[in-house]
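One-letter residues, chain by chain:
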Number of protein chains: 2
Amino acid sequence: MTGQVRTVDGRVAGRRGQATRQKLLDCLSEMLSSSPYRDVKVIDVARKAGTSPATFYQYFPDVEGAVLEIAEEMAKEGAGLTDLVAGRSWVGKSGWQAAEELVDGFLGFWRKHDAILRVVDLGAAEGDKRFYKIRMKILNAVTNSLTDSVKELQSKGKVDKDVNPAAVAGSLVAMLAAVASHQKGFQSWGVKQAELKPNLALLVHLGITGKKPTK
Amino acid sequence: MTGQVRTVDGRVAGRRGQATRQKLLDCLSEMLSSSPYRDVKVIDVARKAGTSPATFYQYFPDVEGAVLEIAEEMAKEGAGLTDLVAGRSWVGKSGWQAAEELVDGFLGFWRKHDAILRVVDLGAAEGDKRFYKIRMKILNAVTNSLTDSVKELQSKGKVDKDVNPAAVAGSLVAMLAAVASHQKGFQSWGVKQAELKPNLALLVHLGITGKKPTK
DNA sequence: ACTTGTCCTGTCATGCCGTCAGCTTACCGA
DNA sequence: TCGGTAAGCTGACGGCATGACAGGACAAGT
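Thresholds applied
Residues numbered from 1 in each chain as written. Chains lettered and ligands numbered in written order. Predicted model: local features only at pLDDT ≥ 70, side-chain atom pairs only at ≥ 80, totals over all residues. Heavy atoms only, no water. Helix = DSSP H or I, 4+ residues; strand = E, 2+ residues; numbered from the N terminus. Buried < 20%, exposed > 50% of the residue type's maximum accessible area, 1.4 Å probe, protein only. Phe/Tyr/Trp six-rings, centres within 6.5 Å; stacked < 30°, edge-to-face > 60°. Lys NZ or Arg CZ within 6 Å of the ring centre and 35° of its normal. Near = heavy atom within 4 Å. Polar contact = N/O pair within 3.5 Å; in protein donor to acceptor, adjacent residues only side chain to side chain. Nonpolar A, V, L, I, M, F, W, Y, C, P; charged D, E, K, R; others polar. Domains from an automatic or database assignment. Expected span 1.5 Å × (residues − 1). Contact = heavy atoms within 4.5 Å.

This paragraph deals with the overall build of chain A. Looking only at helices and strands, chain A has 10 helices and 0 strands in total. N-terminal to C-terminal, the α/β element order of chain A is α-α-α-α-α-α-α-α-α-α. Taken along its principal axes, the extent of the C-alpha atoms in chain A is 60 × 45 × 30 Å. Per-residue burial for chain A yields a buried fraction of 53% across its 215 residues.

Below you can see the structure in the form of C-alpha cells.
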C-alpha cells in the first residue's frame, strides 16, 4: 500500500493539498445529506468549499469518485461492527441481549451515515462493483460473524440442518439495513422508533436461534 | 380524477401525442436498466425515442417527473401483491406454503421492476414524499395484509402480546425488498438463488407465527 | 382547399462540465 | 537571503445538457 495521497495528475499531495481535499469531501458529504444525489454538482461542492471547480478535478475524477472516497472511509469505521456479534452467546438471556445490541449498533451506524449509505446502496444495486465491494465490506463484518454463530448452533443440533447459515445471516442483515434506511416509513404505519427496535431484535433472535427469546 | 393525459402546458394529448409520450417512458425505462440513474439525460432518452429533447419537455417537467410516471404505473400493478397474503392461513402446512408463495411473488415482482424500484427507493430514502408515497403504496399492499395476519394470530393467543404486528410485518417486507434488490450480493457469500428462497420463507414464517414451519 | 387544434422541432440563452496554461504559494538547499 | 522547484489554485474556454419559445408540419373535419 502506498498510503500516499495523490492528485489526479500524479502529484503527491502535501499538507495544504490534503486539507482542501478533505474540505471538499466534507462539503460533498454535507451536500449529499441535504440534496438528492442526482442534483449534487461539482460546482456546488466547490463553491461550498470556497474553492473553484478546477480544484475539485485536481483531486477527484468526478463526483462519483469523490463519493467512493467517502464511502471507503466509512467502510473502515464499519469494520468495527464486527464487535456487535463476534464471540457472543445466543442462548438464554444473553441471546436476547446480543440481538438487542446488534440491532441498536447497526441502526446507529446506518443512521449516522445514511446519506452516503443510500448512494452506496444505489451504486451496488446498479451493479457498480466498486460500490458493491464497499457495501460487502461493511455487511460482511456482521454477516460473517452471524453466519458463524448460526453454524455453531447448527453443529450443536440447536438449529435445523436444512438452514443455510449464510442465507439467513445475509437476509437478516439486509433487513436491518433496509429498515434503517427507511425508518421514517414505519411512522406512517404507526410504529414508533422505540417500538421498532425490540421487534427487530425479536426477528433477529428468531432467525438465528429459531426460538423465541427469554428476556 | 381526470384520467386525461395532459402536456406540461395544459393541452390534452391526443392519440399520437400519447403514443410518443409512452415511447419516451419506455425508452426511459430501458435507460434506467442500462445506465446509472445519475447519468440518464433527457437528450439521450429523446434520441433513443427518435425525437427531440423539446418533445420530452412537452410531456414531463424533467427526468424525475417522468420516472414518477413510470413508478406510478408500476405501483398499480403492485397492488396485486395483496393476493399473496390476503386471506391465507398461517397454521400448519398451509402456513409454510403461504410463506413460500409470498417470497416467490415478492421477489419476482421486485426483479421485474428492479431498475425503477431502486430509483424509487433512493428517492424515498432521500425524503422525497412523492417517491415515498409510491413506495408505501406497493409495500402497504403486503404489509397491511401481513399485519392483519399477525393481529389475528395474536388475538388467538398464538403470538405474544408484546409483539407489534405492524413493526414485524414492515420489517419482514423491508427484508424481502432489500434482498430482492441485492440478490447478486448473496452469490459472493456462496448462497445460490434456489437456496435463498426457502430460507427467506423460513424467516417470514418465523416472524409471523413465532414458530418453525411444518413442511 | 381551408380551418383548427394537435404535435413536433430548430433555435437560443443559460449554466454546468472537464481541461489547460499559467499564476501564486510554500518549501528547501546553498 | 536568494533563487529553484514542486505544490496548489484559478480564469478561461469549448462542449454539452437544460429548458423555453415561436413557428412549421400534420391530421381531421367542413
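Continuing now.
As a further point, take the packing of aromatic side chains. Tallying each qualifying case throughout the model produces 6 aromatic pairs over all chains. Ring centres of Phe56 of chain A and Phe60 of chain A lie 5.3 Å apart, and the angle between their planes is 50 degrees; on these two criteria the pair is classed as tilted. Of the two residues, Phe56 of chain A and Phe60 of chain A, both sit in the buried class. With 5.7 Å between their ring centres and 80 degrees between their planes, Phe56 of chain B and Tyr57 of chain B make a pair best called edge-to-face. Tyr57 of chain B sits in the partly exposed class, given a relative accessible area of 41%. Here a set of aromatic residues connected by ring pairs shows up, and it is made of Phe56, Tyr57 and Phe60 of chain A. In this arrangement the basic side chain of Arg38 of chain A is found over the ring face of Tyr37 of chain B, its NZ or CZ atom lying 4.9 Å from the centre.

The environment of DNA strand C is formed by 19 residues, the closest being Tyr57 of chain A together with Gly14, Thr20, Thr51 and Tyr59 of chain B. At 3.3 Å from a phosphate oxygen of DNA strand C is found a main-chain nitrogen or oxygen belonging to Val42 of chain A. Between DNA strand C and Gly17 of chain B there is a distance of 3.0 Å, counted from a phosphate oxygen to a backbone nitrogen or oxygen. Residues of the surface near DNA strand C, tallied by class, amount to 8 nonpolar, 7 polar and 4 charged.

Further remarks concern the domain arrangement of chain A. The assigned domain composition of chain A is domain 1 (1–61) and domain 2 (72–209). Centre-to-centre separation of domain 1 of chain A and domain 2 of chain A, based on C-alpha positions: 31 Å.

Bringing helix α6 (residues 114–125) of chain A into the picture now. With 12 residues, α6 of chain A ought to run about 16 Å at 1.5 Å a step, and its terminal C-alpha atoms sit 16 Å apart, in line with that. Burial of α6 of chain A is extensive: 11 of the 12 residues sit out of reach of the surface. Among all positions of α6 of chain A, only Ala115, Ile116, Leu117, Arg118, Val119, Val120, Asp121, Leu122, Gly123, Ala124 and Ala125 of chain A are buried. Against α1 (15–34), α4 (63–78), α5 (92–112) and α7 (129–155) of chain A together with α6 (114–125) and α8 (165–181) of chain B lie the buried residues of α6 of chain A. Remark: Gly127 of chain A follows α6 of chain A within two positions and exhibits a positive phi of approximately 95 degrees.

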